[in-house]
2 protein chains.
Amino acid sequence: MILVEMGVIIMSEKQKIVIIGGVAAGPKAAARARRRNPDAEIIMLERGEVTSYAGCGMPFYISGMIQDYNQLFDTAYGVKRDAQYFGREKGVQLYTRTEAKSIDRDQKQVKAVNLETGEEMTFSYDQLVLATGASPFELPIEGKDLKGVHKLNHPDDALKIREAVDTGEIENAVVIGAGLIGLEGADAVFNKMVDVTIVEMQDQVLPGLLDADMAEKLHQHMREEDVELAFGDKVLKIVGDEDGKVKGVETEKRGFIECQMVIMSVGVRPNGQLASDAGLEVGKTGAIVVNDSLLTTDPYIYACGDCVENTHLITGDKVFTPMATYANRQGRVVGDNLTGGNSTFKGVLGTGVAEIFEMKVARTGLGEQQAKNKGYNVITALHAAFDRTHYHPAHGLMFIKVIADKDSQRILGAQAIGKAEVAKRIDVIATAITFGAKIEDLSNLDLGYAPPFNAPIDPVVHTVNFVGNKIAGMASGISATEFKERVEAGDDMLLLDVRTPEQFAPKHFKDDRVMQVTLGDLRERINEVPKDKEVITICAMGSRAYEASRILEGAGFKNVKILEGGLNAWPYQLEFEKK
Amino acid sequence: MILVEMGVIIMSEKQKIVIIGGVAAGPKAAARARRRNPDAEIIMLERGEVTSYAGCGMPFYISGMIQDYNQLFDTAYGVKRDAQYFGREKGVQLYTRTEAKSIDRDQKQVKAVNLETGEEMTFSYDQLVLATGASPFELPIEGKDLKGVHKLNHPDDALKIREAVDTGEIENAVVIGAGLIGLEGADAVFNKMVDVTIVEMQDQVLPGLLDADMAEKLHQHMREEDVELAFGDKVLKIVGDEDGKVKGVETEKRGFIECQMVIMSVGVRPNGQLASDAGLEVGKTGAIVVNDSLLTTDPYIYACGDCVENTHLITGDKVFTPMATYANRQGRVVGDNLTGGNSTFKGVLGTGVAEIFEMKVARTGLGEQQAKNKGYNVITALHAAFDRTHYHPAHGLMFIKVIADKDSQRILGAQAIGKAEVAKRIDVIATAITFGAKIEDLSNLDLGYAPPFNAPIDPVVHTVNFVGNKIAGMASGISATEFKERVEAGDDMLLLDVRTPEQFAPKHFKDDRVMQVTLGDLRERINEVPKDKEVITICAMGSRAYEASRILEGAGFKNVKILEGGLNAWPYQLEFEKK
């Protein structure tokens, strides 16, 4: 802005940038803009008391893995990210406890109020950045304000939950919602010796992130850990005692569940009201509409982080995907574009990873059902594999599922779960999907191999090869879920277990239709296998079952299927219910 | 082949496949061909006694991490891969101790000899597969046959080395050659309390795999572990005692080095003689020439594994890259093509990963010098980063270097090292390079983030952003190696350390040119910094140094460089030699 008074320039042409929101995207935009323009005036308004906190670290503070609360606010080099830090290190003027109330787009001004003093302030801008984030949704139920009802969205929440569990008085907690935050919260308090019940309206954990069959493996593990999973249920009200403290919840199906703590984690909603009030376009999800440059419908206003809508890189759909990594990357793009750059944020694959009750879970792209809903000719394969060579003592078992389009052979998505290095595999697939990879491309990847890191053929490659074999008519599979349903429905199948008798004896399906023939004996005993039946081949991981299916098909068997992932991936009991 | 005798077909039209070599590529080709063609006659000839062994597991057997020698031969489900296994499970007829001596391409016959009995055999084929592998090179020096001189190429070698170190009588070992196998062997015997000296003609470990500056970090670590690194030296002869046992080596520079064991690991040579004798084309490296389908110059003969030449995916050059993962993947391609398939193996990036003295090392694509030699307009960046969020207790430090082409902005290669999850990052970059990724593509990758797995912005993304900043003129860097040279040459530079006084006090460069100004004070103390000097900004990891360089440049400083990777990546002493 240039002001001229009596022929003299009294203000230099200083660009004035105002950023609303100081948690992730906002500070990133501010810092990047500063590095690109040393002269700009950069103002950042944050409604809360703290800024730039490590939201994703909160569960680790609750669990005690992070001891010091301050670590959630410090840089990697131990400096607290407060107003002094922003002023001195970043050259950014930070106003905390300052809430933006309205935007005057004509005047290019933001009206804000200091929440401590009530003082009203006006900030004029050349460019404005909306990084207003998202807020946790609150169920409108009785008892939601009782003492002991928490959300898990802000460091304050983490502090309160940790204080409560550290008293040792919390024996039972109910977590409402089995999304990522709910599960991480459950895991965190569980680590503090609190018994946990998770109440979820849907029939699985991480709906929208994991396919039902993949989620089953996590259910099995969580149940083994004695976590109570209350699926298809909902909390009707939270019940308090005479002191206003939580003493339980009343659910629709299971009735009363005693607890001294409730963590309500039923998702977040984008904070799009300020934008909407200013006449900026918001999408169906309530998130702010932006283009690839992260400009809103006003050419002087950018938006980034949890408050914006993203574009799905595969479907082109507009999606609401509030993730820290997008916020950070988008902040950088905005910082570029504020200062004459030409950066873009093209979209998201919804890549996510989490560690939940020591199980590692990762996913990217479309899930099986999502892909079907979009009209793809979906083909999937699930493979059980070790993340390292089986003879390396640190090897861990994982289950990896790839979703592809049969017509184009494009990879659409993948999910992996296990006490193993799943994140690497999903990152590789996410990278490949970004470039439109087909099955053959993934099969040919030159990935690093040494026994401490991988098998000579990476689990990703094995899994896409399985997809390729299916397409080529060389393999048919059946998922654990479908297999269980069909066995319980009494279908006339032969369950051919091709492991050795020593492996079979201690662990096998308890059913009359089971037949054990060691793979090595199958060629000579093949006449014992009834040719008129559907045969399901079974082993520990799936590879011997595949080999067996080829032997059978080579001998003229017409209806052979591999139990995908074998007994290791089996998420249910070994006994079947009769239906 | 169909034989008709007196009007009667006495042999059905069975495809006859002969495979020479039974370690990695051969068995894979055999198994895949069998799965695709249940009727083919598949014969595999192996000169050794054992087949399908886990060559890469040998160091772990020596170190004791793998206790049971048999694990090197077993499948993941505990079955030994011997003739019985190949016959019964895979339907493959295996002849061990059977060496192919010549190929009659007109008659389509292989002449072989049983090495036990001397019996000569002739195998006719419809298709032949050469999977003859590679052999360790033997230095033609005096003493090479002494007791205690080992190679590390075959399980027998591992068995002998382990037996020797388990006696407790080996106090010192000399490893000749600092390639991957040499280092893994050194690490393995070191774990058995053997002092190790590594003699290497070049000035670094892993030449050809790591850039010199990246190798320095490994040198520093190995020296801290008390491994002796004898660079630029060579062993002239191996000296024995009166019992014919090794008692030391005589080197060119360092003279006599006492030791009771020598591991000779000076590379392998492709076994291309059989092919060459049969008139098949072999390349300059001696490896067999194949096309994308892995056909040799004879349309009935395929070749795969360590005996073939590969095509570099970036340069198109023919390269000899004997790696287990290529052997396995190529075997599968050959198995497809033997049986009517149309698979290809397009080439390699030379992706490699290793764990050496607890440091994890990974690389892909071209190194800096390789890229320069190929005429690229090379730009690199080295970044120090944690593999997880810094507040997660399991975080580890890594150094990652990206090599790119300034003109096309294509990523050409990357290397990473650290006690951290480096393999994941290199696999991601390898995947991206396969698709011709540019800097912006990598910067936009949707990689999984959660505190146990990553930082919100992945180290890969940070590093390529650093490259992008350099190209945009927003950052200049100086490598540790160049910095050291220039400081020691007495160049007039200011070494501006922007860490806090508390961080500076215990660890900083010992030089008169050092000035400490905490980053947060730099804006107000900027007049203290001499503007006429070249300024090198220094911090722990590089990010504050970058921030400082932007502040200085914003204030008009013209010659500012970031010490890449900061003090954490510094591989030398903190004191400089005067030159």
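Residues numbered from 1 in each chain as written. Chains lettered and ligands numbered in written order. Predicted model: local features only at pLDDT ≥ 70, side-chain atom pairs only at ≥ 80, totals over all residues.

A word on the overall build of chain A. Along its length, chain A carries 16 helices and 32 strands. Radius of gyration (C-alpha) of chain A: 28 Å, near the 25 Å computed for a compact globule of 579 residues. Projected onto its principal axes, the C-alpha coordinates of chain A cover approximately 105 × 60 × 40 Å. The long-range share in chain A, meaning contacts at least 24 apart out of those at least 6 apart in sequence, stands at 64%. (Helix = DSSP H or I, 4+ residues; strand = E, 2+ residues; numbered from the N terminus. Rg over C-alpha atoms; globule rule 2.2 N^0.38 Å. Contact = placed C-beta atoms within 7 Å.)

Residue and element names in this part refer to chain A. Spatial strand order, E6-E7-E8: three strands in an open sheet with antiparallel pairing. Strand pairing shows two members of the sheet lacking a second neighbour, strand E6 (98–104) and strand E8 (120–124), which therefore form its edges. Adjacent strand axes in the sheet meet at a mean angle of 25°, parallel and antiparallel pairs treated alike. In this sheet, E8 lies alongside strand E7 (residues 109–114) in antiparallel orientation, the contact comprising five bridges. Looking across to E8, one finds that Gln-109 is bridged to Ser-124. (Pairing = 2+ DSSP bridges. Axes fitted to C-alpha atoms, helices over the stretch in contact; angles between N-to-C directions.)

Relative to chain A, chain B is turned by 180° and slid 0.0 Å along the rotation axis, the superposed coordinates differing by an RMSD of 0.0 Å. In the structure described here, the two chain copies are related by an operation that fits a two-fold rotation axis. Comparing interface residues between copies, 100% of those in chain B also sit at the interface in chain A, which points to an isologous, same-surface contact. (Least-squares fit on C-alpha atoms with pLDDT ≥ 70 in both.)

Between chain B and chain A, the contact holds 67 residues from the first and 67 residues from the second. Secondary structure elements with two or more residues in the side of chain B that touches chain A: helix H1 (25–36), helix H8 (324–338), strand E23 (352–356), helix H10 (422–434), helix H15 (519–522) and helix H16 (543–554) of chain B. With nine residues, H10 of chain B is the largest single contributor of residues to the side of chain B that touches chain A.

On to the domain arrangement of chain A. Partitioning chain A into domains gives domain 1 (2–134 + 269–338), domain 2 (149–266), domain 3 (352–471) and domain 4 (477–569). One C-alpha centre belongs to domain 1 of chain A, the other to domain 4 of chain A; they are set 58 Å apart. (Domains from an automatic or database assignment.)

A few words now on the pairing of strand E17 (residues 255–258) of chain B. Residue and element names in this part refer to chain B. Both strand E16 (residues 246–251) and E17 contribute to a ladder of four bridges, which runs antiparallel. Its bridge partner being in E17, Thr-251 is matched across the sheet by Gly-255. Between E16 and E17, which follow one another and run antiparallel, lie three residues.

Moving on: the sheet that holds strand E28 (residues 477–478) of chain A. Residues and elements named next belong to chain A. Across the sheet, five strands lie side by side as E28-E32-E31-E29-E30; this open sheet has parallel pairing. On the outer flanks of this sheet lie E28 and strand E30 (514–516), each paired with one strand and no other. Pairing analysis gives five bridges linking strand E29 (residues 493–497) to strand E31 (residues 534–538), with the strands arranged parallel. Each bridged residue has a counterpart across the sheet, and for Leu-495 the counterpart in E31 is Ile-536. Sitting on the sheet, helix H16 (residues 543–554) is in contact with E29, E31 and strand E32 (560–563), with an inclination near 175° to E32.

All names here are of chain A. Of all five residues in strand E4 (residues 41–45), four are buried, a share of seventy percent or more. As a crossover connection, the stretch from strand E3 (residues 16–20) through helix H1 (residues 25–36) into E4 is right-handed. One ladder, built from three bridges, connects E4 with strand E5 (residues 93–95); its direction is parallel. The residue bridging Ile-43 from the neighbouring strand is Gln-93, located in E5. (Buried ≥ 20, exposed ≤ 12 C-beta atoms within 10 Å, placed from the backbone. Right-handed = clockwise from strand over helix to strand, strands pointing away.)

Let us look at unusual backbone geometry. A positive phi angle is found at Glu-358 of chain A, which is not glycine, with a value near 65°. Here Glu-358 of chain A shows up in the loop between strand E23 (352–356) and strand E24 (359–365). Of the residues examined, Glu-358 of chain A has 9 C-beta atoms within 10 Å and is grouped as exposed. The phi angle at Phe-357 of chain B is positive, at roughly 50°, despite the residue not being glycine. Mapped onto the fold, Phe-357 of chain B is located in the loop between E23 and strand E24 (359–365). Taking the number of C-beta atoms within 10 Å as the measure of exposure, Phe-357 of chain B has 18 and is therefore partly exposed.

So, on to the packing of H1 of chain B against H8 of chain B. Residue and element names in this part refer to chain B. As a packed pair, H1 and H8 sit with axes 7 Å apart at the nearest point and diverge in direction by 35°. In the packing of H1 onto H8, the handedness of the crossing is right-handed. In this structure, H1 contributes Ala-25, Gly-26, Lys-28, Ala-29, Ala-31, Arg-32, Ala-33 and Arg-36 to the contact, and H8 contributes Ala-327, Asn-328, Gln-330, Gly-331, Arg-332, Val-334, Gly-335, Asp-336 and Leu-338. Here the contact of H1 with H8 is built from residues that sort into seven nonpolar, five polar and five charged. (Left-handed = near helix turned anticlockwise from the far one by under 90°. Nonpolar A, V, L, I, M, F, W, Y, C, P; charged D, E, K, R; others polar.)

Our focus in this paragraph is the packing of helix H10 (residues 422–434) of chain A against H10 of chain B. At their nearest, the axes of H10 of chain A and H10 of chain B sit 9 Å apart, and the two run at 20° to each other. Our classification of the angle between H10 of chain A and H10 of chain B gives roughly parallel. Viewed along their axes, H10 of chain A and H10 of chain B form a crossing whose handedness is right-handed. Contacts between H10 of chain A and H10 of chain B pair Ala-423, Lys-424, Asp-427, Val-428, Thr-431 and Ala-432 of chain A from the former with Ala-423, Lys-424, Asp-427, Val-428, Thr-431 and Ala-432 of chain B from the latter. In the contact of H10 of chain A with H10 of chain B, the residues fall into six nonpolar, two polar and four charged. (Parallel < 35°, antiparallel > 145°, perpendicular 65-115°, else oblique.)

We now examine helix H6 (residues 212–224) of chain A. Residue and element names in this part refer to chain A. With 13 residues, H6 should cover 18 Å at 1.5 Å per step; its first-to-last C-alpha distance of 18 Å lies within 8% of that length. Restricting attention to buried positions, one finds in H6 the residues Asp-213, Met-214, Ala-215, Glu-216, Lys-217, Leu-218 and Met-222. On its buried face, H6 sits against strand E14 (228–231), E23, E24, strand E26 (397–405), strand E27 (411–418) and helix H13 (480–488). Where H6 ends, the next residue or the one after it, Asp-226, has phi of about 70°, a positive value. (Expected span 1.5 Å × (residues − 1).)

This part is about the environment of Met-261 of chain A. All names here are of chain A. With respect to the helices, strands and loops of the structure, Met-261 is situated in strand E18 (residues 261–264). Residue Met-261 is classed as buried on the basis of its C-beta count, with 25 C-beta atoms lying within 10 Å. The spacing of Met-261 and Asp-233 is 28 residues in sequence and 18 Å in space, taken between C-alpha atoms.

With respect to the helices, strands and loops of the structure, Phe-60 of chain B is situated in helix H2 (residues 58–63). Taking C-alpha positions, Phe-60 of chain B is 9.8 Å from Val-189 of chain B, a pair spaced 129 residues apart along the chain. Setting aside its immediate chain neighbours within four residues, Phe-60 of chain B contacts His-392 and Pro-451 of chain A together with Met-65 and Ile-66 of chain B.

In this section: H1 of chain A. Between its terminal C-alpha atoms H1 of chain A stretches 17 Å, which fits the 16 Å expected from 12 residues at 1.5 Å a residue. All of the buried residues along H1 of chain A are Ala-25, Gly-26, Pro-27, Lys-28, Ala-29, Ala-30, Ala-31, Arg-32, Ala-33, Arg-34, Arg-35 and Arg-36 of chain A.

Caution applies to low-pLDDT parts of the model: their predicted coordinates are not meant to be read in detail. All names here are of chain A. Chain-level statistics for chain A give a pLDDT mean of 95 and a share of 98% at 70 or above. Low pLDDT (under 50) marks residues 1–12, which in the prediction has 12 contacts with non-local residues, meaning those over four places away or in another chain. Our summary of model confidence lists the complex with pTM equal to 0.96 and ipTM equal to 0.96. (pLDDT = per-residue confidence, 0-100.)

A few words on the environment of Asp-39 of chain B. The topology assignment puts Asp-39 of chain B in the loop between H1 and strand E4 (41–45). Residues Asp-39 of chain B and Leu-552 of chain B lie 513 residues apart in sequence; the distance between their C-alpha atoms is 74 Å.

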